[in-house]
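# What the coordinates show
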Amino acid sequence: MNATDLLWLLLPLAAASGWLAARFEQKRHARQSLDLPSAYFKGLNFLLNEQPDKAIEVFIRVLEVNSDTVETHLALGNLFRRRGEVERAIRIHQNLIARPTLDREQRSQALLELGQDYLKAGLFDRAENLFLELAEIRVHSEQVLKLLLHIYQQEKEWEKAISITRRLARVSGRNMDDTIAQFYCELADQDYAHRNYAGAREHLKRALASDDKCVRASMLLGDIAAQEGKFRDAIGYWCRVEEQDMHYLGEVAGRIAEAYKQMNDEQGLYDYFRDALQRHGGVSLALAFADVISHRDGVPAAEKFIVDWLRRAPNVHGLHKLLELNLVKAPDSGRNDLLLLKGIIEDLRAQHLGYACGQCGFKGKTLHWLCPGCNRWNTIKPVREE
Ligand SMILES: [Zn+2]
C-alpha cells in the first residue's frame with residue numbers, strides 16, 4: 001500500500017471527525033449563546049461607566065461564543081476609529097479576523113475596517129497589504145481601490161497610482177483619464193527636478209496621450225524647451241494651452257512674452273498678443289499686450305489701448321494698469337493721489353486674483369493641480385479670466 005492509498009482510506013475518517021467536531025461546536029454555541037444578553041449588559045455597563053477597555057474585553061469574549069455579533073463588533077470598532085481611538089479599533093478588528101467562524105463576507109468586511117484603522121494610524125504599509133489582499137479577491141473593489149489610491153497619492157507612488165486608477169476606472173465605469181494624466185505629470189515633475197529632461201518629456205507624452213487637454217503637460221513641455229534654450233519650441237508648447245483650456249492662458253502669457261524677448265523677436269511678440277487677444281479677449285492677454293505696446297510704441301499708446309479696452313469691458317485689472325501707466329509720467333504734485341487710488345484698486349483687485357476650486361470653493365494664491373480642500377484633481381482654475 002502506498003502513501004496515496006493510505007490517504008484515501010484516511011479521508012472518510014478525517015471527514016467524520018471534522019463533522020463530529022462541528023456538531024460539538026454547534027451544541028456548545030447553542031448552550032453558550034443563552035448567556036449572550038447578560039454578557040452584553042455587562043459590556044454596556046462598562047461602556048457607560050467609561051471603562052471602554054473592560055467593555056471591549058467583554059464584547060470580545062461574547063464574540064467567541066457567537067459569531068452573529070460580528071456586526072456589533074464592526075460597529076463598535078468603527079465608532080472607536082471615528083473617535084480617534086485607533087488602537088482600540090485595531091484590537092477589535094484583529095480579534096474579529098482571528099475568529100475561524102467568520103464567513104467570507106464578514107472576514108473581508110473586518111479586513112477592510114482594519115485596513116482603515118491602519119491608515120488612520122499612519123501605518124500605510126500594513127494598510128496597503130490588507131487592501132491589496134482584498135483587491136486580489138475582488139470584494140469591496142471600488143472602496144478598496146479608492147483607499148489604495150489614497151495611499152499612493154500620499155506616498156507619491158505615482159506609477160502605482162496610475163495602475164490602480166486604471167482598475168478603478170474599469171470597476172466604477174468612470175472616465176479617469178485626466179487624473180492619470182496628472183500622475184504622469186507628477187512623474188515628469190520629479191524628472192524635471194532631477195534635470196532628467198528626456199525622462200520628463202517621455203512622461204509628458206504619456207500624459208497627453210491619456211488626456212490631450214492636459215494643460216499642465218503643455219506648460220511643462222514648454223518649460224523644458226525653454227530650459228534647453230529652444231524658445232521657439234517652448235512657445236509652440238505654451239500656445240497649445242489656448243486650445244486646451246483658455247482659462248490657463250494667463251499662466252503662460254508671461255512665459256510666451258519672455259521667450260519672444262529672449263529671441264529678440266519684438267514683431268513676433270507684438271503679433272502673437274494682438275492675434276491671441278482678438279481670438280479670446282481675456283484679462284491676462286490684454287494686460288500683457290499693454291506692456292508690449294508700452295515697450296514698442298510708448299506709454300501714451302498703451303494708455304489708449306487700455307482706455308479702449310476699459311470702455312468695452314470695465315474691470316479692476318485694467319484700471320490698475322492704467323494707474324500704473326499714469327504714475328510713470330505723473331508730476332510729483334499729483335503722485336500721492338494716484339498712489340492712494342492705486343492702493344484702493346489693489347485691495348479690490350486682490351479679490352479677483354489667485355485660484356479657486358470649482359468643486360469645493362477652496363481659494364489660494366498658487367496653482368494646485370490637486371485641490372487641498374476636496375482632494376480632487378483638475379478642479380482648480382485661475383479666477384482672473386472670469
Ligand atoms: Zn476643491
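Our subject in this report is the structure included herewith. (Residues numbered from 1 in each chain as written. Predicted model: local features only at pLDDT ≥ 70, side-chain atom pairs only at ≥ 80, totals over all residues. Heavy atoms only, no water.)

## Considerations on the overall build of the chain
Broken down by element type, the chain carries 19 helices and three strands. In the chain, of all internal contacts separated by at least 6 residues, the share reaching a separation of at least 24 is 48%. Summing over all exposed atoms, the chain offers an accessible surface of approximately 21,600 Å²; the carbon and sulfur share of this is 52%. (Helix = DSSP H or I, 4+ residues; strand = E, 2+ residues; numbered from the N terminus. Contact = heavy atoms within 4.5 Å. Areas by Shrake-Rupley, 256 points an atom, 1.4 Å probe, with all protein chains shown as cover.)

## Re helix α9 (residues 158–172)
If you check α9, its first and last C-alpha atoms are 20 Å apart, about what 15 residues at 1.5 Å a residue would give, namely 21 Å. Within the span of α9, buried status applies to W158, A161, I162, I164, T165, L168 and A169. The inward-facing, buried residues of α9 contact α8 (141–154) and α10 (177–193). Looking at the residues trailing α9, positive phi occurs at G173, about 70 degrees. (Expected span 1.5 Å × (residues − 1). Buried < 20%, exposed > 50% of the residue type's maximum accessible area, 1.4 Å probe, protein only.)

## Section: the packing of aromatic side chains
Per the stated rule, a full pass over the model turns up nine aromatic pairs. Consider the rings of F183 and W377, whose centres lie 5.3 Å apart with planes at 90 degrees: the pair is edge-to-face. Separated by 194 residues along the polypeptide, F183 in helix α10 and W377 in the loop between β2 (363–364) and β3 (380–382) bring together distant segments of the chain. Consider the rings of Y272 and F273, whose centres lie 5.0 Å apart with planes at 80 degrees: the pair is edge-to-face. Take F273: its relative accessible area is 0%, and that puts it in the buried class. One aromatic cluster is present, built from ring pairs that chain together W158, F183 and W377. (Phe/Tyr/Trp six-rings, centres within 6.5 Å; stacked < 30°, edge-to-face > 60°.)

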